[in-house]
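The primary structure of each chain is shown beneath.
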Amino acid sequence: MAKSRVQFVCQNCGTVHARWAGKCDGCGEWNTLVEEGSDGGIGSGPGSMRSARKGRSVALTTLSGEIEEAPRIVSGIGELDRATGGGFVRGSALLVGGDPGIGKSTLLTQAAAALAMAGHRVVYVSGEEAVAQIRLRAQRVNAASAPVELAAETNVEDILATIADGKRPDLVILDSVQTLWTDAADSAPGTVTQVRASAQKMIRYAKSTGAAVVLVGHVTKEGQIAGPRVVEHMVDGVLYFEGEGGHHFRILRAVKNRFGPTDEIGVFEMSDKGLREVANPSELFLGERAAKAPGAAVFAGMEGTRPVLVEIQTLVAPSPLGTPRRSVIGWDGARLSMVLAVLETHCGVRFGSHDVYLNVAGGYRISEPAADLAVAAALVSSLTGLALPADSVYFGEISLSGAVRPVAHAQQRLKEAEKLGFGQAVIPAGSEEAVASQAISIFQPAILADLVVRIAGSKPD
Ligand code: TYD
Ligand code: MG
């Protein structure tokens, strides 16, 4: 038998090194290598210790054939079901990641309670908190009376033995995957090898019994699931629970889903009685808007199939620095530089001696290029000190040539704006069929300079 070899595994990305080093080659992180035994590590699958056996042939099949809808367990919490693509899928494993304290345990406690109330067998295993703490939370979110089966345990074999008793559970929640350990791997609990081996066992359990398994994972500051990032590719779905510090709303975002769409979000508000669903996010993000201030523009965005209106705030201030500052929160810094360059080159608007700050209101994050036009409008407004009309929305992509490009879902964006009482919209040309049906007055600049002229020509009040 081969001697058990020592190896060093990066706790951030899972890269295996033969020798210790201060910095991981895989992800560039420092001080993340930890010594682990190679048993149960990477490269040792089932039977890797046995002598090679002769393979068994499996039946090959075709791409077409009988397809069954993924059987789902619907929680009844609309925003959660939306993010999972219609409910938890039986026999699948789902990873819910998020910063510590963001509300993962709260969300899953509420989901567990809702499902248990609906007659499903739900098992909640916590490796982080004592039973008393979980009960306290359940009381707080008004879920204490739900027949959820609760355990504080971290060993996978014990957990599996526990849930093997009685009827097969419909949903098993493991909070968190970082605390799990299995006898099959001999590394210390919390190491990548343990997390991976434990997750693998639980995933195998899900596939073989048809129970839905939810793994909770903590995310590091950089937005990576620390350690359990290696779990991401093994599970069927990954949801991130996000929120900005100081803001009370939370967004549940699907980043991987083998059974549904990945561009859906669920929006919640953290209250003193747990998470509350927010069915209309636009109202939340626009809630704190001051009526008329230079530098603010409302962007009509899309999250999956749902329109979301958010305010983009900019401040352009004279800079005392040789290299002016560009500071962005909630958007892509490189795109801001691009919009600034287009404004300078094609519209004659100079930002060279100004600091530029951009913030998306409410701590929301925009990932769409469609926000370009709203950003440009806000920047020009801040620089000139001329407030944009308070009842106007903006969307459109800006190309490097200064042209305003059409974006998808124009009609839905306009509908949402109309619903929320907006009377004007600045949108790209070429969305004619969307425009025809609207009661909103529309301005369609072909090039960005048209919009700049319009803003600069507006009357100050
Ligand atoms: P928690 O679900 O424990 O976070 P995680 O599991 O992601 O680490 O949530 C903890 C935070 O949520 C904590 O700071 C308190 C707050 N909270 C509320 O504001 N209201 C509530 O009803 C509950 C249960 C928690
Ligand atoms: Mg927790």
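Preceding this paragraph is the structure being described.
Parameters and conventions
- By convention here, each chain's residues receive numbers from 1 onward along its written sequence.
- By the order in which they are written, chains take letters starting at A while ligands take numbers starting at 1.
- A pLDDT threshold of at least 70 governs which residues receive local features in this predicted model, and a stricter bar of 80 or more applies before side-chain atom pairs are shown or counted, although totals over entire chains, interfaces and linings include all residues.
- To obtain the side-chain values, all non-hydrogen atoms of the structure were used and water was disregarded.
- Note on conventions: DSSP H or I runs of at least 4 residues are helices, E runs of at least 2 residues are strands, and numbering of each starts at the N terminus.
- The buried label applies to any residue whose accessible area, calculated with a 1.4 Å probe on protein chains only, is under 20% of its type's maximum; exposed applies above 50%, and partly exposed to all values in between.
- Two strands are said to pair when DSSP picks up at least two bridges between them.
- Whenever a helix is involved, its axis is fitted only over the stretch in contact; in every case the axis is a line through C-alpha atoms, and angles between N-to-C directions fall within 0 to 180 degrees.
- Residues count as neighbours in contact if any of their non-hydrogen atoms are within 4.5 Å of one another.
- Being near a molecule or strand, for a residue, means having at least one of its heavy atoms within 4 Å of it.
- As used in this structure description, the phrase polar contact means that two N or O atoms lie within 3.5 Å; if the pair is within protein, one of them must be able to donate a hydrogen and the other to accept it, and residues adjacent in sequence are counted only when both atoms belong to side chains.
- Residue-level accessible areas treat just the shown protein chains as cover; the underlying method is Shrake-Rupley with a 1.4 Å probe.
- Only Asp, Glu, Lys and Arg are considered charged, only Ala, Val, Leu, Ile, Met, Phe, Trp, Tyr, Cys and Pro nonpolar, and every remaining residue, Gly among them, polar.
- Both cavities and pockets are sets of points on a 1 Å grid over the protein atoms alone; in a cavity a 1.4 Å probe fits but cannot get out, in a pocket the set is open with protein on both sides within 12 Å along at least five of seven lines, and lining residues sit with an atom within 4 Å of a point.
- Grid points are joined across faces, edges and corners, and a volume is the space filled by probe spheres set on the points.
- Stacked, edge-to-face and tilted labels apply to pairs of Phe, Tyr and Trp rings (six-membered ring for Trp) whose centres lie within 6.5 Å, assigned for plane angles under 30 degrees, over 60, and everything in between, in that order.
- Charge-over-ring contacts are defined here by two conditions on Lys NZ or Arg CZ: a distance within 6 Å of the ring centre and an angle within 35 degrees of the ring normal.
- A pairing counts as a salt bridge when a side-chain nitrogen of Lys or Arg comes within 4 Å of a carboxyl oxygen of Asp or Glu.

Section: the side chain of Thr106
Mapped onto the elements of the fold, Thr106 is located in helix 2 (residues 104-117). For Thr106, a relative accessible area of 12% puts it in the buried group.

Some remarks on the sheet that holds strand 17 (residues 326-329)
Within the open sheet, the 7 strands sit side by side as 17-18-16-15-19-22-23. Their pairing is mixed. What marks the edges here is a single partner per strand, and that holds for strand 17 and strand 23 (441-443). Strand-to-strand, the axes of this sheet are offset by a mean angle of 25°, without reference to chain direction. Packed onto the sheet, helix 8 (residues 372-384) meets strand 15 (296-303), strand 16 (306-318), strand 18 (354-360), strand 19 (392-394) and strand 22 (424-426) and runs at close to 30° relative to strand 16. Contacts from helix 9 (residues 410-419) reach strand 15, strand 16, strand 19, strand 22 and strand 23 within the one sheet, and its direction differs from that of strand 15 by about 125°.

Some words on the site of ligand 1
Residues in close proximity to ligand 1 total 16 residues, the closest being Gly101, Ser105, Thr106, Ser271 and Gly274. Within the contact set of ligand 1, a nitrogen atom lies 3.3 Å away from a side-chain nitrogen or oxygen of Arg140. Take Ser271: an N or O atom from its main chain is 2.7 Å from a nitrogen atom of ligand 1. Contact with the protein chains covers 75% of the free accessible surface of ligand 1, which is 560 Å². Residue assignment for the shell around ligand 1 shows that the elements contributing at least two residues are helix 2, helix 3 (131-140) and strand 13 (265-271). Tallying contributions element by element places helix 2 first for the shell around ligand 1, with 3 residues. Looking at side-chain class alone, the shell around ligand 1 contains 4 nonpolar, 6 polar and 6 charged residues.

Quick notes on empty space enclosed by the protein
Applying the stated rule across the entire model yields 2 cavities of 30 Å³ or more. The space that makes up the largest cavity amounts to roughly 130 Å³. Along the wall of the largest cavity there are 18 residues; nearest its centre are Gly87, Phe88, Val89, Ser92 and Leu94. At the level of elements, strand 5 (88-89), strand 6 (93-98), strand 10 (212-218), strand 11 (237-242) and strand 12 (249-257) are the ones that each hand at least two residues to the lining of the largest cavity.

Quick notes on the packing of aromatic side chains
Evaluation of the coordinates by the stated rule reveals 1 aromatic pair. Ring geometry for Phe241 against Phe268: centres 6.0 Å apart, planes inclined by 75°, an arrangement best described as edge-to-face. Separated by 27 residues along the polypeptide, Phe241 in strand 11 and Phe268 in strand 13 bring together distant segments of the chain. Residues Phe241 and Phe268 agree in their burial class; the two are buried. Above the ring of Phe443, the side-chain terminus of Arg454 is found at 4.2 Å from the ring centroid.

So, the sheet that holds strand 10
Strand order in this open sheet of 9 strands is 8-7-9-10-6-11-12-13-14, and the pairing throughout is mixed. What marks the edges here is a single partner per strand, and that holds for strand 8 (149-152) and strand 14 (274-277). On average, each strand axis in the sheet is tilted by 25° relative to the strand beside it, whichever way the strands run. Where strand 6 and strand 11 come together, 5 bridges link them in parallel fashion. Following the sheet pairing, Leu94 is matched in strand 11 by Gly237. Its contacts with the sheet put helix 2 on strand 6, strand 7 (122-126), strand 9 (171-175), strand 10, strand 11, strand 12, strand 13 and strand 14, and the angle it makes with strand 7 is roughly 155°. Contacts from helix 5 (residues 192-209) reach strand 6, strand 9 and strand 10, with the element oriented near 155° to strand 10.

Remarks on the pattern of salt bridges
In the structure shown here, the tally under the stated rule is 18 salt bridges. A salt bridge links Glu79 to Arg306; the nearest nitrogen and oxygen atoms lie 3.0 Å apart. Residue Glu79 is located in helix 1 (residues 78-83), and its partner Arg306 is located in strand 16; the two are separated by 227 residues in the primary sequence. On the basis of relative accessible area, Glu79 is assigned to the buried category, the value being 3%.

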